[in-house]
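# Commentary on secondary and tertiary structure
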Amino acid sequence: MPDSKKKKPPNIDIFKAWCKACGICAAFCPTGVLARDEGGYPYVKEPDKCISCGWCEIRCPDFAITVKKKDKKDRAERDTGDI
Ligand code: SF4
Ligand code: SF4
């Protein structure tokens with residue numbers, strides 16, 4: 001049986017209306033998730049390689065890219081209220 005410890009890739013949203021195709025997000029992505037199309041606009045080429053570092057989101061000067069983690073379970077487990 002194969003190992004089922006696969007992590008789900010995060011959602012990467014690129015809001016094209018705000019994107020000016022500067023290429024910063026793709027340049028800063030450490031794992032090559034983002035590539036640029038012919039017009040220079042970024043697209044998610046390798047979603048499985050995303051490590052949710054948030055660099056693309058932090059570096060985008062136009063708030064045009066967001067990364068949402070899908071790890072809701074983690075948060076719920078930490079939020080047990082045990083003092
Ligand atoms: S969160 Fe990090 S790894 Fe994922 S696309 Fe953005 S820069 Fe790349
Ligand atoms: S850094 Fe922001 S504005 Fe620049 S290409 Fe990426 S999403 Fe578009």
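Residues numbered from 1 in each chain as written. Chains lettered and ligands numbered in written order. Predicted model: local features only at pLDDT ≥ 70, side-chain atom pairs only at ≥ 80, totals over all residues. Heavy atoms only, no water.

Our next topic: the nonpolar core. Among the nonpolar cores identified, the biggest contains 13 residues, and Ile 12, Cys 25, Val 33, Leu 34, Cys 56 and Ile 65 are the most heavily contacted of them. Not counting residues up to four positions away in its chain, the partners in contact with Ile 12 are Val 33, Leu 34, Val 44, Cys 50, Ile 65 and Thr 66. (Core = buried A, V, L, I, M, F, W, Y, C linked by side-chain atoms within 4.5 Å. Buried < 20%, exposed > 50% of the residue type's maximum accessible area, 1.4 Å probe, protein only. Contact = heavy atoms within 4.5 Å.)

Non-glycine residue Ala 21 carries a positive phi angle of around 60°. You can see Ala 21 is positioned in the loop between β1 (11–14) and α1 (24–28). Since its relative accessible area comes to 16%, Ala 21 is described here as buried. One non-glycine residue, Ser 52, lies in the positive phi region at around 55°. Following the sequence through the fold, Ser 52 ends up in the loop between β3 (42–44) and α2 (55–59). Taking the relative accessible area as the measure of exposure, Ser 52 reaches 23% and is therefore partly exposed. (Helix = DSSP H or I, 4+ residues; strand = E, 2+ residues; numbered from the N terminus.)

Now for the pattern of salt bridges. According to the stated counting rule, one finds four salt bridges in the structure shown. Across the pair Asp 13 and Lys 68 runs a salt bridge, and its minimum N-O distance is 2.8 Å. Placement of Asp 13 in strand β1 and of Lys 68 in strand β4 (residues 65–68) is noted, with a sequence separation of 55 residues between them. Overall, the relative accessible area of 34% leaves Asp 13 in the partly exposed class. A salt bridge links Asp 62 to Lys 20; its shortest N-O distance comes to 3.1 Å. Here Asp 62 is found in the loop between α2 and β4, whereas its partner Lys 20 is found in the loop between β1 and α1, with 42 residues between them in sequence. The partly exposed category is assigned to Asp 62, whose relative accessible area is 25%. (Salt bridge = Lys/Arg side-chain N within 4 Å of Asp/Glu carboxyl O.)

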